[in-house]
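# Chain and residue survey
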Amino acid sequence: MDLGQSRRGVDMGPSAIRYAGVVERLEKLDYEIHDKGDIEIGRPGKEEEVSEGNLKYLKAVSKASEELASAVNKVIESNSFPLIFGGDHSIAIGTLAGVSKHYKNLGVIWYDAHGDLNTSETSPSGNIHGMPLAVSIGVGHSALTNIADYTPKVKPENIVIIGARSLDEGEKELIREKGIKVYTMHEIDRLGMTKVMEESVAYLKDKTDGVHLSLDLDGLDPGDAPGVGTPVLGGISYRESHLAMEILEESKLITSAEFVEVNPILDERNKTATVAVALMGSLFGEKLL
């Protein structure tokens, strides 16, 4: 998927992640892997770029979200853990639609430089990859909020955003209005990643029956993950991110996950995809000793 934003190449993210050895790495941890392959998105015509009210490729993104929701739903029904590769972050609309129907109180950890809480009214660009979290709490265009025929997918009080350092004014207002818990880079610097993750786990543990991890590689500093479409300086370090994944693994909270915004066109020797795979290793129990 690359229709949720404006820089080509992120549609090749899943291939880059596979090339970086994700299947082999997880198989070494004794997981049985079933690679379901890619969902083909296709190329809409130029006339479809702006579909309605400042929303680019609305119909195409909505269609892809429905397909992804169905695929993720089937994975969970087969008692497997869904691990989704992106692609731009608009895919989270479909992922959460497929996941949330299986939980009464799904929690979400949004590991990202951005809040992704824009709407057509607040978005400076009209890019839907800046809207998936808003959509998932039921705020936005009905063609997106009603994917899989229900809304909302997540309660605002069940969300933790980690690593935020670029928020639009409309997103700040929505965070305050809905009471969404956010750890900006200020809190990470001040408290340390261990404290941030321990507090996040404690916040979600007793009030959720499953937790989805949505990890945008631009949550990391561009020095560690250069191959992303919207890099923001001053991000989470590679080592801090490993620690975060290790703490999540120890918590046993995570029931589904996606890793998004890997753009090999903007990358350096597949560095960002390699980082994504390494973080998956830690999330699924890889240890040094």
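Predicted model only: the values in this text are computed from it and were never measured. (Residues numbered from 1 in each chain as written. Predicted model: local features only at pLDDT ≥ 70, side-chain atom pairs only at ≥ 80, totals over all residues. Heavy atoms only, no water.)

On to the overall build of the chain, then. On a plain count of helices and strands, the chain comes out with 11 helices and 8 strands. In terms of overall size, the chain behaves like a compact globule, its C-alpha atoms giving a radius of gyration of 17 Å where 289 residues would be expected to give roughly 19 Å. Projecting the C-alpha coordinates of the chain onto the three principal axes gives extents of approximately 55 × 40 × 40 Å. By the burial criterion, 54% of the 289 residues in the chain qualify as buried. The contacts of the chain with a sequence gap of at least 6 include a subset with a gap of at least 24, amounting to 74%. Carbon and sulfur atoms make up 49% of the accessible area of the chain, which totals about 12500 Å². (Helix = DSSP H or I, 4+ residues; strand = E, 2+ residues; numbered from the N terminus. Rg over C-alpha atoms; globule rule 2.2 N^0.38 Å. Buried < 20%, exposed > 50% of the residue type's maximum accessible area, 1.4 Å probe, protein only. Contact = heavy atoms within 4.5 Å. Areas by Shrake-Rupley, 256 points an atom, 1.4 Å probe, with all protein chains shown as cover.)

Our next topic: the UniProt feature "binding site: Mn(2+)" (unreviewed entry) in the chain. As recorded in UniProt, the sites labelled "binding site: Mn(2+)" (unreviewed entry) are H89, D112, H114, D116, D216 and D218. Taken together, the annotated residues stretch across 130 residues yet fold into one region, lying no more than 12.2 Å apart by C-alpha. The subset of the named residues that lines the second largest pocket consists of H89, H114, D116, D216 and D218. Beyond its immediate chain neighbours, meaning those up to four positions away, H89 contacts W110, D112, D116, H129, P132, S214, D216, E258, V260 and E261. By secondary structure assignment, the location of D218 is in the loop between β7 (210–216) and α10 (238–251). Non-local contacts of D218, meaning those with residues more than four positions away in its chain, are made with D112, A113, H114, R165, V228 and T230. (UniProt positions renumbered as here; feature names shortened; annotations may be inferred. 1 Å grid on protein atoms, 1.4 Å probe; cavity = no way out; pocket = protein on both sides within 12 Å on 5 of 7 lines; lining within 4 Å.)

The next point concerns the side chain of D218. The buried charged residue D218 lacks any salt bridge, with R165 as its nearest oppositely charged partner at 5.6 Å. Within the structure, the side chain of D218 is placed 3.2 Å from the side chain of H114, a separation counted as a polar contact. Among the polar contacts made by the side chain of D218, one reaches the side chain of T230 at a distance of 3.0 Å. (Lys, Arg positive; Asp, Glu negative; His and termini not counted. Salt bridge = Lys/Arg side-chain N within 4 Å of Asp/Glu carboxyl O. Polar contact = N/O pair within 3.5 Å; in protein donor to acceptor, adjacent residues only side chain to side chain.)

What the rule picks out here adds up to 2 aromatic pairs. Taken together, a centroid distance of 5.5 Å and an interplanar angle of 80° make the contact between Y31 and F284 edge-to-face. Taken together, the residues span a long stretch of sequence, with Y31 in the loop between α2 (22–27) and β1 (50–52) and F284 in the segment after α11 (271–283) at a distance of 253 residues. An angle of 75° between the planes, with centres 5.1 Å apart, marks the rings of F81 and F284 as edge-to-face. Of the two residues, F81 sits in the loop between α3 (58–77) and β3 (83–85) while F284 sits in the segment after α11, which places them 203 residues apart along the sequence. For F284, a relative accessible area of 12% puts it in the buried group. An aromatic cluster is present here, built from Y31, F81 and F284 joined pairwise through their rings. Over the ring of Y203 we find K181; its NZ or CZ atom is 5.0 Å from the centre of that ring. (Phe/Tyr/Trp six-rings, centres within 6.5 Å; stacked < 30°, edge-to-face > 60°. Lys NZ or Arg CZ within 6 Å of the ring centre and 35° of its normal.)

This next bit is on the sheet that holds strand β6 (residues 181–184). In space, the 6 strands of this open sheet follow the order β3-β8-β7-β4-β5-β6, with parallel pairing throughout. With partners counted over all chains shown, the strands left at the sheet margins are β3 and β6, one partner each. Across the sheet, the mean angle separating the axes of adjacent strands is 10° when strand polarity is ignored. Looking at chain direction, strand β4 (residues 106–111) and β7 are connected through 6 bridges and run parallel. For L106, the partnering residue across the bridge sits in β7 and is G210. Running over the sheet, helix α4 (residues 91–100) touches β3, β4, β7 and β8 (254–260) and is turned about 155° from β4. Against the sheet, helix α9 (residues 193–205) contacts β4, β5 (159–164), β6 and β7, and its axis sits at roughly 165° relative to β5. (Pairing = 2+ DSSP bridges. Axes fitted to C-alpha atoms, helices over the stretch in contact; angles between N-to-C directions.)

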